[in-house]
Amino acid sequence: MTLADISEHCHNITNSYLAVTNGSELVESTQEAIRLTRYHLLEEVFSRWDPFGNQLSFSYNGGKDCQVLLILYLSCLWEFFITKTRNSQYDSQYHQFPLQFLPTVYINQAETFNTLEQSIESARERYFLSIYESPRNQTSMPEAFENYLKVHSTAKAIVIGIRYTDPFGADLCCIQETDSGWPQFMRVQPLLHWTLANVWSILLYSNEEICGLYEKGFTSIGGINSTVPNPALKIRNDDATSCGKRNPFEWEISNAYGKETPCNKVKVSKLTDADEVLLQSTGQLDFHPGWFLINDSLERAGRIRR
Ligand code: FAD
Ligand code: MG
Ligand code: MG
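Residues numbered from 1 in each chain as written. Chains lettered and ligands numbered in written order. Predicted model: local features only at pLDDT ≥ 70, side-chain atom pairs only at ≥ 80, totals over all residues. Heavy atoms only, no water.

A.B. asks: Sorry if this is basic, but what is going on with the sheet that holds strand β5 (residues 175-177) here?
C.D. replies: Either a parallel or an antiparallel arrangement is found when strands of a sheet pair, and the pairing is made through backbone hydrogen bonds. Pairing is mixed in the open sheet, where six strands are placed in the order β3-β2-β1-β4-β6-β5. Each edge of the open sheet carries a strand with a single partner, namely β3 (129-133) and β5. Strand after strand, the sheet turns through a mean of 30 degrees between neighbouring axes, direction not considered. In this structure, strand β1 (residues 56-59) lies alongside strand β4 (residues 157-159), joined through three bridges in parallel fashion. Within the sheet, the bridge partner assigned to Phe58 lies in β4 and is Val159. (Pairing = 2+ DSSP bridges. Helix = DSSP H or I, 4+ residues; strand = E, 2+ residues; numbered from the N terminus. Axes fitted to C-alpha atoms, helices over the stretch in contact; angles between N-to-C directions.)

A.B. asks: Hey, could you run me through the domain arrangement of the protein in this one?
C.D. replies: Accessible area lost when the parts come together is the quantity often used to give the size of an interface. Taken domain by domain, the protein comprises domain 1 (3-188) and domain 2 (209-298). For domain 1 and domain 2, the distance between their C-alpha centroids amounts to 25 Å. Taken together, the 23 residues of domain 1 in the interface contact 26 residues of domain 2. For the pair domain 1 and domain 2, the two sides together bury roughly 1,900 Å², of which 62% comes from carbon and sulfur. Linking domain 1 to domain 2 there are one salt bridge. Taking the shortest distance from any N to any O, the salt bridge between Arg163 and Asp296 comes out at 3.0 Å. (Domains from an automatic or database assignment. Contact = heavy atoms within 4.5 Å. Buried area = accessible area lost by both parts, 1.4 Å probe. Salt bridge = Lys/Arg side-chain N within 4 Å of Asp/Glu carboxyl O.)

A.B. asks: Would you mind showing me how to read helix α4 (residues 114-126) here?
C.D. replies: Helical geometry note: an α-helix holds 3.6 residues per turn, so side chains three or four residues apart project in the same direction. The end-to-end C-alpha distance of α4 is 18 Å, a good match for the 18 Å that 13 residues give at a rise of 1.5 Å each. Among all positions in α4, only Thr115, Leu116, Ser119, Ile120 and Ala123 are buried. All buried residues of α4 fall inside an arc of 145 degrees around its axis, so they share one side. Buried residues belonging to α4 abut β2 (102-106), β3 and α8 (273-281). Phe128 lies just past α4 and shows a positive phi near 50 degrees. (Expected span 1.5 Å × (residues − 1). Buried < 20%, exposed > 50% of the residue type's maximum accessible area, 1.4 Å probe, protein only. Arc of directions from axis to C-beta.)

A.B. asks: What is the right way to look at the site of ligand 1 in this model?
C.D. replies: Surveying the vicinity of ligand 1 reveals 22 residues, the closest of which are Ser59, Ile107, Gly161, Asp179 and Arg300. A distance of 2.9 Å separates an oxygen atom of ligand 1 from a polar backbone atom of Gly161. The separation between an oxygen atom of ligand 1 and a polar side-chain atom of Arg300 is 3.0 Å. Relative to its unbound accessible area of 870 Å², ligand 1 is 85% covered by the protein chains. Counting atoms within 2 Å of the grid points, the majority share of ligand 1 lands in the largest pocket. Secondary-structure elements contributing two or more residues to the shell around ligand 1 are α3 (64-87), β2 and α5 (141-151). Each residue belonging to the shell around ligand 1 can be placed in one class, and the counts come to 13 nonpolar, five polar and four charged. (Near = heavy atom within 4 Å. Polar contact = N/O pair within 3.5 Å; in protein donor to acceptor, adjacent residues only side chain to side chain. Areas by Shrake-Rupley, 256 points an atom, 1.4 Å probe, with all protein chains shown as cover. 1 Å grid on protein atoms, 1.4 Å probe; cavity = no way out; pocket = protein on both sides within 12 Å on 5 of 7 lines; lining within 4 Å. Sits in = over half its atoms within 2 Å of the grid points. Nonpolar A, V, L, I, M, F, W, Y, C, P; charged D, E, K, R; others polar.)

A.B. asks: Before we go on, may I ask you to explain the side chain of Ser134 in this structure?
C.D. replies: Summarising the element assignment, Ser134 is placed in the loop between β3 and α5. Exposure remark for Ser134: the relative accessible area of 3% places this residue in the buried category. One polar contact links the side chain of Ser134 to the main-chain amide nitrogen of Asn108, over a distance of 3.0 Å. Once you skip the residues sitting within four places of it in the chain, Ser134 turns out to touch Tyr106, Ile107, Asn108 and Ala144.

A.B. asks: It is not clear to me how empty space enclosed by the protein should be interpreted in this structure. Could you clarify?
C.D. replies: The gaps left among the atoms become clear once a water-sized probe is rolled over them. The tally for this structure, following the rule as stated, stands at one cavity of 30 Å³ or more. In this structure, the largest cavity spans a volume of roughly 70 Å³. Taken together, Leu203, Leu204, Asn207, Glu208, Ile210, Ile253, Ala256, Lys259, Lys265, Val266 and Lys267 make up the full set of residues lining the largest cavity. (Points joined across faces, edges and corners; volume = space filled by probe spheres on them.)

A.B. asks: Honestly, the packing of aromatic side chains in this entry has me stumped. Any pointers?
C.D. replies: Given two aromatic rings, one states the distance between the centres and the angle between the planes to describe the pair. The final tally for this structure, using the stated rule, is 18 aromatic pairs. Judged by centre distance (5.4 Å) and plane angle (70 degrees), the ring pair of Phe58 and Tyr73 falls under edge-to-face. Linking Phe58 in strand β1 with Tyr73 in helix α3, this pair joins segments that are 15 residues apart in sequence. The same class applies to Phe58 as to Tyr73, namely buried. On the basis of an interplanar angle of 65 degrees and a centroid distance of 5.2 Å, the ring pair of Tyr132 and Tyr148 is categorised as edge-to-face. Here Tyr148 lies in helix α5 and Tyr132 lies in strand β3, a separation of 16 residues in the sequence. (Phe/Tyr/Trp six-rings, centres within 6.5 Å; stacked < 30°, edge-to-face > 60°.)

Okay, here's the thing in structure tokens:
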């Protein structure tokens, strides 16, 4: 596997999802969301900053949103490459995918679940990320990016998986400068218009491995001392009866990309022993998987202050 191979794979996942005609309104709205993100990346972002130069970086924290954005970003990278190859006067055998690793930045902020850290590690290998990792707890986020830019002085723009429904997300736009108090660079935010349900629909369809905490009822993963499984997903005694919660993504999971026979298994990373013990000792078991929740306003209901 190379970055070229995984980019082509992501392109195939995306195209396969775009070709789905199962009559689901959610799939249709997610297809619309994908088209807009692709338009942003291919027409607005890659025309301004060469994705094969070193002006663009990707911000990654192992969460579902940046994983979806990464799949779409790599898919567009592949498309950009093949379009360039086709338009060139030389035969395609003379063209090589110009990038081996994707410049990525991860700010290691607070005590993090090691399951999430391991997911970042798996993503590093699977998606060929060259990750700059800021030293844990040493700095604020703006300072951490200032340090990043000292090391990667050619970076002009950083891609972020933030959505309108995130805190302070409502007034953002796809391409904008950073605010005062932040080092100066451009923010690229091509996922703003996505709903929680859109995110789960393509992510579960992709058949890519996701962080195991999501299976345990987490819907938004922050620090270890400030995140619990989402209370809205707590399994109640009467859930065994007809009023129990339904999985909204049965179709995506059964028909996921590359599955030869439909099955209801989702690829999740294994919980680390430490996180397993933590969830057990604090009685945080018995939750439906995070993807059972599609109400954007409850996405962060598992964020607590201790
Ligand atoms: P999440 O869903 O956790 O994160 C949204 C996205 O932010 C992720 O998909 C990922 O791409 C990125 N991200 C979040 N945490 C990390 C991390 N620890 N390491 C790497 N990437 C991460 N806020 C301002 O008020 N003004 C600014 O000018 C500004 N510039 C920013 C520039 C960058 C490159 C980033 C990553 C963030 C910036 N922010 C800025 C903060 C941003 O608006 C969000 O508040 C922040 O990303 C945290 O998101 P979240 O935890 O609410 O949501
Ligand atoms: Mg998020
Ligand atoms: Mg966060």
